[in-house]
Amino acid sequence: MKRVLEFLFLSVVLVASSCNRDEVYTTQLPPEIILDNQSGVYTVTQGEEIRIAPQYKNVEEAEFEWVIDKSVVCTDRAYVHYGEEVGSVYLTLTVTNPSGSASEQMRIDVVEPNIPTVDIVGSTSRMLVIGSEETFRAEVRETGLPTTLHWYIDDKMVGEGDTYKFVARECGKYIITVKAQNSEGEASDSVRVEVVEEEDMPVNFEFDKLTYHTVVGRKLLIAPSLL
C-alpha cells in the first residue's frame, strides 16, 4: 500500500511539473524593436522617400502603430515617409502584443537637395574670328557627391571635364552649354558665341582717361588705343 501511495504521489508531481514547463514554454514575451539605424535619426532629401523597416522579436499577434504629431500614419511593420518640406519630423513606433508593448522614438530630417551649381567663367557672350580658338572653363560648387561635367553645342555633346576648347571653324552663332550633374540633380550655364570674318570684327577703343583739361589756344592730343 505504501508503494502504491508513493507511486501516485510521484505521478502527480511529474504531471504538475510537466504542466508548469508547458506554461513557461508557451507564454509569449513582450515585443522588442531593433531599429535599422541605431541612432534613430534618418535623413531624406526633399522630394524623395525613405523606408524605415526595423527588425522585431516576439511580434506574433502584435499590432504596429506609427505616430506623427499624435496622428497614426501607419499600422504596418515598415513605414515609408515622403520628404515634403525641409525640417525635422518626430516619429514614434509602438508595438503591442498580448504580453505587453515596446516603443521607439525616431527623427526624420528632410534636407534640401544637394544639387551642384556651375558657371562658365567670363562674359555670357563672345565674338571670335574664324579660325581662332578659345578655351572655356567651368566652376562648380562642391557638393560632396560625385559630379560629372559635360559640354554641349546646340544640344550636341562635344566634351567633358572642367574645360572645353572651342575651335571657330565656321561663321555662325552658337550656344555653348555646360551641365553639372550628380545623383540629386543637375544645373547648367550657357554662353553665346558668334564667329565672324576678321573684317567683320568690331573695332573697340580704349582711352587712358575719360576727362581731359586744356587751356584756350593750346592743342590737346587724344589718342585712344585699340583693344
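Residues numbered from 1 in each chain as written. Predicted model: local features only at pLDDT ≥ 70, side-chain atom pairs only at ≥ 80, totals over all residues. Heavy atoms only, no water.

Engineer: How should the overall build of the protein be read in this particular structure?
Structural biologist: Scanning the protein for helices and strands turns up one helix and 19 strands. When contacts within the protein are restricted to residue pairs at least 6 apart in sequence, long-range pairs at least 24 apart make up 58% of them. Counting only carbon and sulfur atoms, one obtains 50% of the accessible surface of the protein, whose full area is about 16300 Å². (Helix = DSSP H or I, 4+ residues; strand = E, 2+ residues; numbered from the N terminus. Contact = heavy atoms within 4.5 Å. Areas by Shrake-Rupley, 256 points an atom, 1.4 Å probe, with all protein chains shown as cover.)

Engineer: Is there a simple way to think about the side chain of Asn97 in this case?
Structural biologist: Here Asn97 shows up in strand 8 (residues 87–97). Taking relative accessible area as the criterion, Asn97 reaches 6% and is therefore assigned buried. At 2.8 Å, the side chain of Asn97 and the backbone oxygen of Leu29 are in polar contact. A distance of 2.9 Å separates a polar side-chain atom of Asn97 from the backbone oxygen of Asn58. Ignoring anything within four residues of it in the chain, the contact list for Asn97 reads Gln28, Leu29, Pro30, Pro31, Asn58, Glu60, Glu61 and Ala62. (Buried < 20%, exposed > 50% of the residue type's maximum accessible area, 1.4 Å probe, protein only. Polar contact = N/O pair within 3.5 Å; in protein donor to acceptor, adjacent residues only side chain to side chain.)

Engineer: For this particular structure, what's the right way to read the sheet that holds strand 17 (residues 185–196)?
Structural biologist: Hydrogen bonds between backbone groups are what pair the strands of a sheet, and the pairing can be parallel or antiparallel. Strand order in the open sheet formed by five strands is 11-17-16-13-14, with mixed pairing between adjacent strands. With one partner strand each, in any of the chains shown, strand 11 (125–129) and strand 14 (156–160) form the two edges of the open sheet. Across this sheet, the average inter-strand angle for adjacent strands is 30 degrees, counted without regard to direction. The pairing of strand 13 (residues 148–153) with strand 16 (residues 172–182) spans six bridges and is classified as antiparallel. Across the sheet, Thr148 pairs through a bridge with Gln181, a residue of strand 16. (Pairing = 2+ DSSP bridges. Axes fitted to C-alpha atoms, helices over the stretch in contact; angles between N-to-C directions.)

Engineer: In this structure, what is going on with the nonpolar core? I would like to understand it.
Structural biologist: Counting residues in each nonpolar core, the largest one holds 22 residues, and the members touching the most others are Tyr56, Trp66, Leu91, Val95, Met106 and Ile108. Where this core is concerned, the elements lending two or more residues are strand 2 (41–45), strand 3 (49–52), strand 5 (63–68), strand 8 and strand 9 (100–111). Excluding residues within four positions of it along the chain, Val95 makes contact with Pro31, Ile33, Tyr56, Val59, Ala62, Glu63, Phe64, Gly100, Ser101 and Ala102. Among the nonpolar cores identified, the runner-up in size contains 19 residues, and Val118, Leu128, Phe166 and Ala187 belong to it. (Core = buried A, V, L, I, M, F, W, Y, C linked by side-chain atoms within 4.5 Å.)

Engineer: Looking at this structure, I do not really get the environment of Thr177. What am I missing?
Structural biologist: Along the chain, the position of Thr177 falls in strand 16. Overall, the relative accessible area of 13% leaves Thr177 in the buried class. Separated by 15 residues in sequence, Thr177 and Arg192 have C-alpha atoms that sit 8.9 Å apart. Setting aside its immediate chain neighbours within four residues, Thr177 contacts His150, Trp151, Tyr152, Ser188, Asp189 and Ser190. There is a polar contact of 2.7 Å between the side chain of Thr177 and the side chain of Ser190.

Function-wise, these values are silent; they only describe arrangement.
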